[in-house]
Amino acid sequence: MVKGFVSFNGGKIPFVIDNYRMELFTDEPILSDFCKEYNFKDNYILLGQCFDIGSHGRNATFFVENSVGSTCFLRCYIVNMFGKDEEYDAIGLQSPFLDDVFRYRYNYIDLVRRGINFSLEPKEVYRIPFSMQERQYELSFSIGYDNRLGLLEDYDKKGEIIVPLHTQTIQECSDISIVLNRLAMFMTSHVEVPFKRITLYHNGFKVGWFYCPLVSEKTVSGNDGFFYEFDVMKYIPKILNNIALDSGNKITKSIPLGHLSDFESMFSPQRFMEQIMSFEYLFDKLEHTKAQDRRFSLKEELIYAFNIFPELLSKNKKSVDDICEGIKETRRTITHGYAYYYDFKTDPNAKYYILLLDKLIKKMSLKYIGFTDDDISKYPIW
């Protein structure tokens, strides 16, 4: 729980934050004035101080997604490292999942064998440009520690992604975090891929911390084996640029990710329906004319897509027509109320359809991004 106060109309309103829910409290009239101004207001910034460590307050910036009365639901917030306002020019993100994607362990071993001393300064392994909201950015993935920071260095980190900022705003930090989180989601095919830590820098020195629901210090990953021979510079630039086309709640240009799941929701009717929506979204992107043709049903769209990637059904005893008919009928029984499912865990056909749709959606996503058939065939899909 974080405590502090927000500044408002020359006064201070105390608060507590629990799970990104800020509760303001005071008997003074200033709280009533605050509620009149911000009640049911969306997406605004508050300034104040946090007393999360010790008795000395540290300046903080809060991005409120929406508020009701004296309750503010936070999208994210920044706490300065010191008790004064600090400019920041770069954001650093630590992610065990992106460490796997960027082949941290394999690069670490290769660089050690070349005699690199990681205790002196970070060693840049990859530099990847990308475009977001009509601005050009550059992602840098580095391994190692900065000896200039001394005891302020985070010796628990592995790799770190550094992205220089343009506007130096909390909104920009939020957008970058969302895009890189979605990159990790797509690469690992999993929805739970939180960052371990997000740091703000100025001239290479730490000046603050960025907090949002995408951060969890308890996060761990074990996907590095899947990326043993992964060609980072061949795939990541195109994938990242596509994902960065949309950073909000609505996507119109980038690949869909709403169908991804955690282990508990992997085989559920809700996820199956999300897969169907993702498939139809991608089919419209790849075959817009056919998608708009009312004579082209879901079954025909599925048959057309599976014929583009015949390797998905090459070892299946059932015909393409039978499988697509099964997927179509499962969708129909759910949407029209002919059947209600609690889960698909006991239905082997439904489980097979979900696993198959995962692979089909992944391949369609890669095709939409712009990869060749040869690139798609070599991409690690599990």
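Everything discussed here concerns the structure shown above.
The structure contained in this document is the topic of the report that follows.

So, how was this worked out
- Residues numbered from 1 in each chain as written.
- Predicted model: local features only at pLDDT ≥ 70, side-chain atom pairs only at ≥ 80, totals over all residues.
- Heavy atoms only, no water.
- Helix = DSSP H or I, 4+ residues; strand = E, 2+ residues; numbered from the N terminus.
- Expected span 1.5 Å × (residues − 1).
- Polar contact = N/O pair within 3.5 Å; in protein donor to acceptor, adjacent residues only side chain to side chain.
- Buried < 20%, exposed > 50% of the residue type's maximum accessible area, 1.4 Å probe, protein only.
- Pairing = 2+ DSSP bridges.
- Core = buried A, V, L, I, M, F, W, Y, C linked by side-chain atoms within 4.5 Å.
- Contact = heavy atoms within 4.5 Å.

Attention shifts here to helix 10 (residues 348–369). An α-helical turn contains 3.6 residues, so a residue and the one three or four places further along point in the same direction. Taking 1.5 Å of rise per residue, 22 residues should cover 32 Å, and helix 10 covers 32 Å from first to last C-alpha, within 8% of that figure. Its side-chain oxygen 3.0 Å from the backbone nitrogen of N349, D347 forms the N-cap of helix 10. Looking one or two residues beyond helix 10, the residue adopting positive phi is G370, at roughly 120 degrees.

What follows deals with the pairing of strand 12 (residues 205–211). Judged by how many residues are buried, strand 12 sits mostly within the fold: five of seven residues are covered. Bridge count between strand 6 (residues 71–80) and strand 12: four bridges; the pairing is antiparallel. Across the sheet, N80 pairs through a bridge with G208, a residue of strand 12. What sits between the antiparallel neighbours strand 11 (residues 197–202) and strand 12 is a turn of two residues, in which N203 has the positive phi angle 55 degrees.

Membership of the largest hydrophobic core comes to 86 residues, with the highest contact counts inside it found for F102, L180, M187, I239 and L360. Beyond its immediate chain neighbours, meaning those up to four positions away, M187 contacts V101, F227, F230, I236, I239, K362, Y379 and W382. Residues V2, L24, Y38 and L46 belong to the second largest nonpolar core, which totals 24 residues.

Remember that the coordinates give geometry; whether it matters functionally is a separate question.
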